[in-house]
Amino acid sequence: MSHLPDPAVPSPGFPTARPRRLRYHPLVRDLVRETELSARDLILPLFVRPGRGVRQEIGSMPGNFQLSVDTLVDEVGAARDLGIRSFMFFGIPERKDATGSTALRDDGIVQQALRAARKAFGADVLLIPDECFCEYTDHGHCGILHDRGGVPDVDNDATLAVLAEQCVSHCRAGADVVAPSGMLDGMVRAIRTGLDAAGFTHVPILSYAAKYASGFYGPFRDAAESPPQFGDRSTYQMDPANGDEALREVGLDLAEGADLVMVKPALSYLDIIRRVKERFRVPVAAYNVSGEFAMVKAAAARGWIDERRVTLEILTSIRRAGADVVLTYHARDVARWLKTG
Ligand code: PBG
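Cut-offs applied
- Residues numbered from 1 in each chain as written.
- Predicted model: local features only at pLDDT ≥ 70, side-chain atom pairs only at ≥ 80, totals over all residues.
- Heavy atoms only, no water.
- Helix = DSSP H or I, 4+ residues; strand = E, 2+ residues; numbered from the N terminus.
- Buried < 20%, exposed > 50% of the residue type's maximum accessible area, 1.4 Å probe, protein only.
- Pairing = 2+ DSSP bridges.
- Right-handed = clockwise from strand over helix to strand, strands pointing away.
- Patch = residues over 30% accessible without salt bridge, like charges linked within 9 Å, V, L, I, M, F, W, Y side chains within 5 Å.
- Areas by Shrake-Rupley, 256 points an atom, 1.4 Å probe, with all protein chains shown as cover.
- Salt bridge = Lys/Arg side-chain N within 4 Å of Asp/Glu carboxyl O.
- Lys, Arg positive; Asp, Glu negative; His and termini not counted.
- Charge placed at Lys NZ, Arg CZ, Asp CG, Glu CD.
- Near = heavy atom within 4 Å.
- Polar contact = N/O pair within 3.5 Å; in protein donor to acceptor, adjacent residues only side chain to side chain.
- Nonpolar A, V, L, I, M, F, W, Y, C, P; charged D, E, K, R; others polar.
- Phe/Tyr/Trp six-rings, centres within 6.5 Å; stacked < 30°, edge-to-face > 60°.
- Lys NZ or Arg CZ within 6 Å of the ring centre and 35° of its normal.

Participant: Whenever I open this one, the side chain of Thr 35 confuses me. Can you help?
Facilitator: Tracing the backbone shows Thr 35 in the loop between α1 (26-32) and β1 (42-48). Relative accessible area serves as the criterion here: at 17%, Thr 35 is assigned to the buried category.

In structure tokens:
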């Protein structure tokens, strides 16, 4: 937003203008606050794995756990009681293979989690599975591989078909929204076509439209046990140096039928969030990713920062930049703080 004088707004200047007048009284500050943080705008990511009674803390993500279906239901219930309504599910399957075939099974781990949470909470919670193959493939890449000039790489078009299948299977299990995160060309169109053909015309697509090849995903790869076994994700995720390209990616996804678009990570990409919001005026989500979370937790544990203050400031900044929705591992803490004032 520009702070240059707008000819439509009279600007008298000091001493008539005293911006501090709006800061003296705490209730005036409350009255004119531009950005509001609310638990209803947050999505809490959760990790589900096979077993019973599993609640294994993720070392680099304090307060976040790998959960089995039963403990995940408890976790959703506890978060819901704090005011969190939306949840993203990531699956850690029993078995991985070259094509990530367990992602498509109607008794797959995320499908089980969706059914159990739906059964326990009905329409009280919004269930959003992440749609990708990196957690299900033994090589850790986000789709089926093929050979590109002697180098294995994700086969874009071959992966689209199975991606649509994964989404349909998740919808049958109770997904409310699907969120493809693989950054494949044409993924939104393929999924929209697949969902519509299966009768899920009403299910929105939250596309990870501008997802960068980022070092900030480090802790997540421990959480989801999904690091690439060779190479990196730069042939599908975006170069952090690029901004215009994000607008192109978002434009394409919207043209293919995306209902909400995501920018990821959030903090190093606040400019992208703002540009996407101003350009397209559609619902924008931002993913406050694992590495961003871990940095706050690590500094707070050493007493170097005030965790509550810094976390609220970070989430407010993401909302102020233009995000309507924030995916964050801080969701539980934030909901608690907002509740207790
Ligand atoms: C899977 C996926 C990743 C994240 C969300 N979905 C990992 C990756 O792309 O490497 C990262 C989330 C986080 O760091 O919190 N494609």
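Participant: I'm lost on the pairing of strand β11 (residues 284-288) in this one. Help?
Facilitator: Side chains on a regular strand alternate between the two faces of the sheet. By the criterion of burial, β11 is predominantly enclosed, with 5 of the 5 residues buried. Across the two faces of β11 the burial is the same, with Val 284, Ala 286 and Asn 288 and Ala 285 and Tyr 287 all buried. Sheet topology places strand β10 (residues 260-264) next to β11; 3 bridges connect them, and they run parallel. Bridge pairing links Val 263 to Ala 286 in β11. Each parallel crossover has a hand, and for β10 linked through helix α8 (residues 270-280) to β11 it is right-handed. In the sheet, β11 pairs with strand β12 (residues 325-328) via 4 bridges, with the strands oriented parallel. Counterpart to Ala 286 in the pairing with β12 is Val 326.

Participant: Just to check I follow, could you spell out the pairing of strand β5 (residues 126-131) for this structure?
Facilitator: Among the 6 residues in β5, 5 count as buried, and that is most of the element. Of the crossover connections in this fold, the one passing from strand β4 (residues 86-91) over helix α3 (residues 109-121) to the parallel β5 is right-handed.

Participant: Sorry if this is basic, but what is going on with a positive patch on the surface here?
Facilitator: A contiguous patch of positive charge, built from Arg 18, Arg 20, Arg 21 and Arg 23, is present on the exposed surface. For Arg 20, the position within the fold is in the segment before α1.

Participant: Can you help me understand the site of the ligand in this one?
Facilitator: Surrounding the ligand, one finds 18 residues, the nearest of these being Lys 211, Arg 221, Lys 264, Ser 290 and Tyr 329. A distance of 2.8 Å separates an oxygen atom of the ligand from a polar atom in the side chain of Lys 211. Here an oxygen atom of the ligand and a side-chain polar atom of Ser 290 are 2.7 Å apart. Burial of the ligand by the protein amounts to 100% of the accessible area it has alone, namely 400 Å². Of the residues assigned to the shell around the ligand, the class counts are 10 nonpolar, 3 polar and 5 charged.

Participant: Help me understand the packing of aromatic side chains, please; the structure alone is not making it clear to me.
Facilitator: Here a ring pair, both rings aromatic, is described through the centre-centre distance and the interplanar angle of the planes. The full count for this structure, using the stated rule, is 8 aromatic pairs. With 5.4 Å between their ring centres and 20 degrees between their planes, Phe 47 and Phe 90 make a pair best called stacked. With Phe 47 in strand β1 and Phe 90 in strand β4, this residue pair connects regions lying 43 residues apart in the sequence. Here Phe 47 and Phe 90 have matching classes, each one buried. Three or more aromatic residues joined by ring pairs form one cluster here, namely Phe 47, Phe 90, Tyr 208, Phe 220, Tyr 287, Phe 293 and Tyr 329. Just above the ring of Phe 65 sits the side chain of Arg 55; from NZ or CZ to the centre is 4.0 Å. Just above the ring of Tyr 287 sits the side chain of Lys 264; from NZ or CZ to the centre is 4.6 Å.

Participant: What's the story with the pattern of salt bridges in this structure? I'm lost.
Facilitator: Working definition: two side chains of opposite charge can pair if their charged atoms are close together. With the rule as written, the count across this model stands at 20 salt bridges. When the shortest N-O distance is used, the salt bridge between Asp 333 and Lys 297 registers 3.1 Å. Taken together, the positions of Asp 333 in helix α11 (residues 331-340) and Lys 297 in helix α9 (residues 290-301) put the pair 36 residues apart, joining distant regions of the chain. Asp 333 gets classed as buried once you look at its relative accessible area, which sits at 16%. You can call Lys 297 buried: its relative accessible area is 15%. One salt-bridge network, held together by shared partners, links Lys 297, Glu 307, Asp 333 and Arg 336.

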